[in-house]
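Observations on the three-dimensional arrangement
Chain by chain, the residues run as shown.
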Amino acid sequence: MAFPLPLKRVIENLSRLPGLGEKSATRLALYLLGRPEEEIRELAQSLLELKEKIRLCRHCFNFAEDDLCSICSDPDRDPGLICVVEDPADLAAIEAAGIFRGHYHVLHGLLSPREGLGPREIRLEALLERLKKEPVREVLIALSPTVAGEATASYLVELLKDLPVQVTRLACGLALGMEVRYADRLTLKRALLAREKVLPS
Ligand SMILES: [Zn+2]
């Protein structure tokens, strides 16, 4: 390509990002070239700070700027309720729903023997340590109903079954507007298991 080296370099770097092929990377690079310098500086600075300033909360492994994340250091949250999520994106989705006031435990992955992800790698051992030390009443498993999510949830239930703690799961059934015939097997299974009582009321 007949682009000058600095432009080529940006295109190369952008095309390494997930979902960006060389074509879209080129379009994006040309767009950035047309933006004001301060906007580009702000973008570059924010990317640098991403690595410099974000770490994992030592308590729940959520993203944090300090030792503890904003949720673990919030005295108004209930430490007796721990919600187990796959990653910080799932945590953010649950936070956005606005009704959960407990703490979290972020696994950063699901069990996957093929990828070498065992109970230690996904921080299940750390969860057990927490349960030994903290007065937890309930563990809410909020993993996605995918094959890996279901496998991890079953493992977790097995792990917790002898502990004096209540274990719950997200009631997750068919999405609104979804036809039963198009639901995949796992979704349907969960919908059947979490069926709601209608009568007698
Ligand atoms: Zn935390």
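Data block above holds the structure.
Residues numbered from 1 in each chain as written. Predicted model: local features only at pLDDT ≥ 70, side-chain atom pairs only at ≥ 80, totals over all residues. Heavy atoms only, no water.

Turning to the sheet that holds strand β6 (residues 166-169), a few remarks are in order. Overall, parallel pairing links the four strands, which are arranged β4-β3-β5-β6 in an open sheet. This sheet does not close on itself; its edge strands, each paired only once, are β4 (102-106) and β6. Pairs of neighbouring strands in the sheet enclose a mean axial angle of 25°, with direction left out of account. Here strand β3 (residues 78-85) pairs with β4 via five bridges, running parallel. Within β4, the position partnered with Cys83 by the bridge is Tyr104. Sitting on the sheet, helix α4 (residues 88-97) touches β3 and β4, and the angle it makes with β4 is about 160°. (Pairing = 2+ DSSP bridges. Helix = DSSP H or I, 4+ residues; strand = E, 2+ residues; numbered from the N terminus. Axes fitted to C-alpha atoms, helices over the stretch in contact; angles between N-to-C directions. Contact = heavy atoms within 4.5 Å.)

Protein coordination at the zinc ion comes from Cys57 (SG), Cys60 (SG), Cys69 (SG) and Cys72 (SG), with a distance range of 2.3 Å. Here the zinc ion is ringed by four donor atoms whose angles at the metal span 103 to 117°, and the overall shape comes out tetrahedral. Written as a sequence motif, the donor arrangement for the zinc ion is C-x2-C-x8-C-x2-C. You can see Cys57 sitting in the loop between β1 (55-56) and β2 (63-64) and its partner Cys72 sitting in the loop between β2 and β3, a full 15 residues away along the chain. (Donors = N, O, S within 2.8 Å, 3.2 Å for Na, K, Ca; no water. Tetrahedral: all angles 85-135°; square planar, octahedral: opposite > 155°, others 65-115°.)

Remember that the coordinates give geometry; whether it matters functionally is a separate question.
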